[in-house]
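# Chain and residue survey
Here are the chains, one letter per residue:
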Amino acid sequence: MNLYYLAAVTADTEAPENKFGFVEAMKEGGPVAWSILAVMIIMSVGSFYILFTKLFEQNKVMKQYKGVQTSFWRAPSLKEGAAKLEKNSAWRQLADDAITAQEKHGKMTDQLEAHDYMHGSLQRSEDSINSTLSGGLSFLASVGATAPFIGLLGTVIGIYRALINIGISGSASIDKVAGPVGEALIMTAIGLLVAVPAVLAFNWLQSRNRRIAELLNSFSTDILAYISSDGAVKPAVSAAAPRGAAKPAAKPAPAAKK
């Protein structure tokens, strides 16, 4: 008898089953909520894909810039210097476009027009490279701007359906209102979780692109000066010390005076 009573008391005191949660909120939202969640997932995956691919692309361009400093300006001519650069790189593209413009430059009789043509050719090449590096960043900006509102749309729909269900049940107690409304706010939180990384990634990648654009502009300016001066003007390149070179021997200490 005591055991039966204890079991009954234990069953009565067990915690009630939690009917609230993410899955329950999605079920309550219906097809609209699942569709909004799918859009959020696509936005998040696309944002991280663009972040990592653009970061890899930027690091590659920055790494190739070292070849410009160490080998390109040491060559006796632009063609030999371009041959030392990595193929299909931004710096090789600028050098090749400069060589092509130089060949057409000699056919112009007006020196002012020839200089403007050279400058315009290099500027077009820079713009093409910068456009490639900026590809996909508009998607990050769009995600950062729209994801919170898409999440808010899911919240509004969730609250609307929750209030309808509350009205049908005829109960407006706090336990009937707080749960469904709290579930609806999950979509707003998801929207913020998608938008914040996209905005941070966009700003970071943009700052790195500006740095690369400065390097490209400096490189094209040096090439233009090199061509205009027939190779007399070019950046000073410090000679790199060969690896494994022996250090100079220390000077012997002066003999002590007697």
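Scroll up to find the structure this text is about.
Residues numbered from 1 in each chain as written. Predicted model: local features only at pLDDT ≥ 70, side-chain atom pairs only at ≥ 80, totals over all residues. Heavy atoms only, no water.

### Details of the pattern of salt bridges
For clarity, the cut-off: Note on definitions: salt bridges are taken to be side-chain nitrogens of Lys or Arg within 4 Å of carboxyl oxygens of Asp or Glu. Helix and strand definitions follow DSSP, with helices as H or I runs of at least four residues and strands as E runs of at least two, each counted in order from the N terminus. For every residue, the accessible area obtained with a 1.4 Å probe (protein chains only) is divided by the maximum for its type, and the residue is called buried under 20%, exposed over 50%, and partly exposed between those limits.
Taken as a whole and judged by the stated rule, the model has 3 salt bridges. Of the charged contacts in the structure, one is a salt bridge between Arg92 and Asp96, with a shortest N-O distance of 3.3 Å. Of this pair, Arg92 and Asp96 are both found in helix α5 (residues 90-105), 4 residues apart, which corresponds to roughly one turn of the helix. A relative accessible area of 17% places Arg92 in the buried class. On the accessibility criterion, Asp96 (30% relative accessible area) is partly exposed. Taking the shortest distance from any N to any O, the salt bridge between Arg211 and Glu214 comes out at 3.6 Å. Taken together, the residues span about one helical turn, with Arg211 and Glu214 both in helix α8 (residues 174-228) at a distance of 3 residues.

### Focus: unusual backbone geometry
Phi is positive for Asn88, which is not a glycine, with a value near 60°. Looking at the element boundaries, Asn88 is found in the loop between α4 (78-83) and α5. For Asn88, a relative accessible area of 80% puts it in the exposed group.

### Quick notes on helix α7 (residues 137-169)
Our working definition: Here, expected helix span is obtained from the residue count minus one, scaled by 1.5 Å. To get the bend at a residue, fit one axis to the 7 residues ending there and another to the 7 starting there, then take the angle between the axes.
A rise of 1.5 Å per residue sets the reference length of α7, with its 33 residues, at 48 Å; its end C-alpha atoms lie 48 Å apart and thus fit the reference within 8%. Largest kink in α7: about 40°, centred on Thr146, with the proline Pro148 one to four residues after it. Inspection of α7 places Leu137, Leu140, Val143, Gly144, Ala147, Gly151, Gly154, Thr155, Gly158, Ala162 and Ile166 among the buried residues, and these make up the whole buried set.

### Digging into the environment of Ala225
You can see Ala225 is positioned in helix α8. Overall, the relative accessible area of 29% leaves Ala225 in the partly exposed class.

### Details of the packing of helix α3 (residues 31-70) against α7
Using the following cut-off: For helices, the fitted line uses only the C-alpha atoms of the stretch in contact; every axis is such a line through C-alpha atoms, and the angle between N-to-C directions lies from 0 to 180 degrees. Orientation labels follow simple angle bins: below 35 degrees gives roughly parallel, above 145 gives roughly antiparallel, 65 to 115 gives roughly perpendicular, and whatever is left gives oblique. Crossing chirality is assigned from the near helix's rotation relative to the far helix, an anticlockwise turn below a right angle marking it left-handed and a clockwise turn marking it right-handed. Residues count as neighbours in contact if any of their non-hydrogen atoms are within 4.5 Å of one another.
Orientation of α3 relative to α7, taken along the N-to-C sense of each, is 160°, at an axis distance of 10 Å. Comparing their axes, α7 and α3 come out roughly antiparallel. For the pair α3 and α7, the sense of crossing is left-handed. Listed contacts from α7 to Val32, Ile36, Val39, Met40, Ile42, Met43, Gly46, Ser47 and Ile50 of α3 are Phe139, Leu140, Val143, Thr146, Ala147, Ile150, Gly151, Leu153, Gly154 and Ile157.

### A word on a nonpolar patch on the surface
Rule in force here: To count toward a patch, a residue needs a relative accessible area above 30% and no salt bridge. Like charges then connect within 9 Å, nonpolar side chains (Val, Leu, Ile, Met, Phe, Trp, Tyr) within 5 Å. All accessible areas in this document rest on Shrake-Rupley with a 1.4 Å probe, and a residue is counted as covered only by the protein chains that are shown.
The grouping of Phe149, Leu152 and Val156 at the surface amounts to a nonpolar patch, some 310 Å² of accessible area in total. Relative to the elements of secondary structure, Phe149 occurs in helix α7.

### Digging into the packing of aromatic side chains
Threshold: We call Phe, Tyr and Trp rings a pair once their centres come within 6.5 Å, taking the six-membered ring for Trp, and we label the pair stacked below 30 degrees between planes, edge-to-face above 60, and tilted otherwise. Ring-over charges, as used throughout, are those where CZ of Arg or NZ of Lys falls within 6 Å of the ring centre and within 35 degrees of the ring normal.
One pass over the structure, following the stated rule, counts 7 aromatic pairs. When the centroid spacing of 4.9 Å and the interplanar angle of 80° are considered together, the rings of Phe72 and Trp73 count as edge-to-face. Residue Phe72 shares its accessibility class with Trp73, and that shared class is buried. Feature note: the residues Tyr65, Phe72, Trp73, Trp91, Phe219 and Tyr226 constitute an aromatic cluster, connected by ring pairs. Above the ring of Trp204, the side-chain terminus of Arg208 is found at 5.4 Å from the ring centroid.

### Things to note about the side chain of Ser89
Worth spelling out the cut-off: Pairs of N or O atoms are called polar contacts if they sit within 3.5 Å, as long as, within protein, a hydrogen donor faces a hydrogen acceptor (for residues adjacent in sequence, only side-chain-to-side-chain pairs).
Inspection of the secondary structure puts Ser89 in the loop between α4 and α5. The exposure class of Ser89 is buried, given its relative accessible area of 5%. A polar contact is formed between the side chain of Ser89 and the backbone oxygen of Glu86, at a distance of 2.7 Å.

### A look at the nonpolar core
Buried together is how nonpolar side chains tend to be arranged in soluble globular proteins. Short version of the rule: Joining through side-chain atoms within 4.5 Å is the link that ties buried Ala, Val, Leu, Ile, Met, Phe, Trp, Tyr and Cys residues into a set, and such a set is a nonpolar core.
Membership of the largest hydrophobic core comes to 27 residues, with the highest contact counts inside it found for Val68, Phe72, Trp91, Phe219 and Ile223. The leading source of residues in this core is α8, at 8 residues. Excluding its chain neighbours within four sequence positions, the residues that come into contact with Trp91 are Val61, Gln64, Tyr65, Val68, Leu85, Leu215, Leu216 and Phe219. Core analysis: the second largest hydrophobic core is formed by 17 residues, Ile36, Ala195, Ala201 and Leu205 among them.

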